[in-house]
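Working through the structure, step by step
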Amino acid sequence: MTLPILILLLLSISFTESKLNVDYYKNTCPDFPRIVRETVTLKQSAQPATAAGTLRLFFHDCMVEGCDASILVASNNFNVAERDAEINHSLSADAFEVVTRAKTTLELTCPGIVSCADILAEAARDLVTMAGGPYYKVRLGRKDGLVSKASKVEGNLARANQTMDSIIELFAAKGFTVEEMVALTGAHTIGFSHCKEFSNRLFHYSKTTPTDPEIHPKFAEGLQRTCANYTTDTTMSAFNDVITPGKFDNIYYQNLKRGLGLLASDHALVKDPRTRPLVELYSTNQAAFFKAFAHAMEKVSVHGVKTGRKGEVRRRCDAFNSISA
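These numbers were taken from a predicted model, which means no experiment stands behind them.

Considering the nonpolar core
- By size, the foremost hydrophobic cluster in this structure holds 80 residues, and its most contacted members are Phe-32, Phe-58, Leu-72, Leu-106, Phe-171 and Phe-248.
- Here this core takes nine residues from helix 5 (residues 116–130), the largest share from any one element.

Below you can see the structure in the form of structure tokens.
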């Protein structure tokens, strides 16, 4: 890429982001923040896994073609949508539902005004805060994307068995630093992972050692019992943070140092010299983690956003307004 083209690209990104602001709906839909907040509060109270599920849904949306709610679009006879890519099969039904509930209420209050992309961004922030995490500003004015294809997903989301080199490269390609990547991975302080994502560490680590020797022995035993039938019962799962699974805090990083990291990619953070100092910092300084996470989430939330004619405000979040879109 030549320098003039790169400069134009950066200017274009800056201009797009400048169209977003926290008061975007102040005049057109002043009840927007209240409606989203009340909707997520009710849902989180009934289903405590909603916070982690919605945060993951938001991240999976933003990392593929930007934060444009393309993850919410359902497949049809003409198109296999993002949500049906293999890596997205385990996305939370509660997360999809909380966005749908908020959209339904908003369409009754201010029809055709609020995008699904903005609802998802606001809901993710509100739920992080509800779970005990940091508050951060969400700039608004995103439009909903006009494309959602499963074929565009692969290679844009990190997998549990990837090397730290490839994970760092993946984030760098999207403009995120190592510090931002480690902070964002701290989202694993809430939620759970299905056994198939870490079964190799328990049963197939190597020909001579079936279990990863760096997992805490008692933790490994418990996981082996939990995941004993994971090949036949694919719903089997374990908490990402075994100590405080429902609270957004820095215990996740403390766990990594004790051999209590669940995924291979989690454990790699404490092994790699580029990421270990950040694990050490965040494990002992929750304020530093919260500040870094809030900064990184603000950056994620404007990644690849669509404004103006590059998108639309969907009438319903799971379908484009036009079948030909």
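Don't stop here, the text continues.
Section: the state of the cysteines
- In total, this model carries four disulfides according to the counting rule given.
- Two residues share a disulfide in this structure: Cys-29 and Cys-110, whose sulfurs sit 1.9 Å from each other. Of this pair, Cys-29 sits in the loop between helix 1 (3–18) and helix 2 (32–46) while Cys-110 is found in the loop between helix 4 (93–109) and helix 5, placing the two residues 81 residues apart along the sequence.
- Residue Cys-195 pairs covalently with Cys-227 via a disulfide, S to S 2.1 Å. Because the sign of the S-S torsion sets the handedness, a value of about -75° for the bond joining Cys-195 and Cys-227 places this disulfide among the left-handed ones. You can see Cys-195 sitting in the loop between strand 1 (192–194) and helix 8 (199–203) and its partner Cys-227 sitting in the loop between helix 9 (217–226) and strand 2 (237–239), a full 32 residues away along the chain.

Regarding the packing of helix 2 against helix 5
- Packing of helix 2 against helix 5 brings their axes to within 9 Å, and their N-to-C directions diverge by 55°. The orientation of helix 2 relative to helix 5 falls into the category oblique. When the axes of helix 2 and helix 5 are compared, the crossing they make is right-handed. Within the contact between the two elements, helix 2 uses Phe-32, Pro-33, Val-36, Arg-37, Val-40, Thr-41 and Gln-44 and helix 5 uses Asp-118, Ile-119, Glu-122, Ala-123, Asp-126, Leu-127 and Met-130.
- Residues belonging to the contact of helix 2 with helix 5 are distributed by class as follows: eight nonpolar, two polar and four charged.

Let's talk about the UniProt feature "binding site: Ca(2+) 1" (unreviewed entry) in the protein chain
- When the UniProt feature table is mapped to this numbering, "binding site: Ca(2+) 1" (unreviewed entry) covers Asp-61, Val-64, Gly-66, Asp-68, Ser-70 and Glu-82. Spanning 22 residues, the named residues form one tight spatial group whose C-alpha atoms are at most 12.3 Å apart.
- By the secondary structure assignment, Asp-61 is in helix 3 (residues 50–62).
- With near-sequence residues (within four places) excluded, Asp-61 lies in contact with Gly-66, Cys-67, Asp-68, Ala-69, Ser-70, Ile-71, Glu-82 and Leu-120.
- Its place among the elements puts Val-64 in the loop between helix 3 and helix 4.
- When near neighbours in sequence (up to four residues on either side) are disregarded, Val-64 contacts Ser-70, Glu-82, Lys-152, Val-153, Asn-156 and Leu-157.

Overview of the packing of aromatic side chains
- On inspection of all chains with the given rule, the structure shows 14 aromatic pairs.
- Here a set of aromatic residues connected by ring pairs shows up, and it is made of Phe-248, Tyr-252, Tyr-253, Tyr-282, Phe-289, Phe-290 and Phe-293.
- The residue whose ring lies beneath Arg-83 is Phe-96, and the NZ or CZ to ring-centre distance is 4.2 Å.

A word on the UniProt feature "active site" (unreviewed entry) in the protein chain
- UniProt's feature table lists "active site" (unreviewed entry) at His-60, given in the numbering used throughout.
- You can call His-60 buried: its relative accessible area is 7%.

What about the packing of helix 2 against helix 4?
- Helix 4 packs onto helix 2 with a crossing angle of 145° between their chain directions and a minimal axis gap of 9 Å. When you trace helix 2 past helix 4, the crossing you get is right-handed. When helix 2 is examined against helix 4, the residues Phe-32, Ile-35, Val-36, Thr-39, Val-40 and Lys-43 are found in contact with a partner set consisting of Asp-94, Glu-97, Val-98, Arg-101, Ala-102, Thr-105, Leu-106 and Thr-109.
- Classifying every residue of the contact of helix 2 with helix 4 gives seven nonpolar, three polar and four charged.

Some remarks on the pattern of salt bridges
- Under the counting rule described, the total for this entry stands at 21 salt bridges.
- For Asp-126, the salt bridge goes to Arg-125, with nearest N and O atoms at 2.9 Å. The two residues Asp-126 and Arg-125 agree in class, both being buried.
- Two residues, Asp-272 and Arg-274, come together in a salt bridge whose shortest N-O distance is 2.8 Å.
- Judged by its relative accessible area of 12%, Asp-272 falls in the buried class.
- Overall, Arg-274 belongs to the partly exposed group, its relative accessible area being 39%.
- Because the salt bridges share partners, they merge into one network encompassing Lys-43, Asp-94, Glu-97 and Arg-101.

Things to note about helix 7 (residues 178–185)
- Taking burial as the measure, the eight residues of helix 7 include six buried ones, the bulk of the element.
- Contact partners of the buried residues in helix 7: helix 3, helix 6 (164–173), helix 10 (251–257), helix 11 (264–271), helix 12 (276–284) and helix 13 (286–300).

Concerning unusual backbone geometry
- Positioned with a positive phi, Glu-65 is a non-glycine residue whose angle comes to about 65°.
- Position of Glu-65 among the secondary structure elements: in the loop between helix 3 and helix 4.
- Since its relative accessible area comes to 41%, Glu-65 is described here as partly exposed.

Cut-offs used in this document
Residues numbered from 1 in each chain as written. Predicted model: local features only at pLDDT ≥ 70, side-chain atom pairs only at ≥ 80, totals over all residues. Heavy atoms only, no water. Core = buried A, V, L, I, M, F, W, Y, C linked by side-chain atoms within 4.5 Å. Buried < 20%, exposed > 50% of the residue type's maximum accessible area, 1.4 Å probe, protein only. Helix = DSSP H or I, 4+ residues; strand = E, 2+ residues; numbered from the N terminus. Disulfide = S-S within 2.5 Å. Axes fitted to C-alpha atoms, helices over the stretch in contact; angles between N-to-C directions. Parallel < 35°, antiparallel > 145°, perpendicular 65-115°, else oblique. Left-handed = near helix turned anticlockwise from the far one by under 90°. Contact = heavy atoms within 4.5 Å. Nonpolar A, V, L, I, M, F, W, Y, C, P; charged D, E, K, R; others polar. UniProt positions renumbered as here; feature names shortened; annotations may be inferred. Phe/Tyr/Trp six-rings, centres within 6.5 Å; stacked < 30°, edge-to-face > 60°. Lys NZ or Arg CZ within 6 Å of the ring centre and 35° of its normal. Salt bridge = Lys/Arg side-chain N within 4 Å of Asp/Glu carboxyl O.

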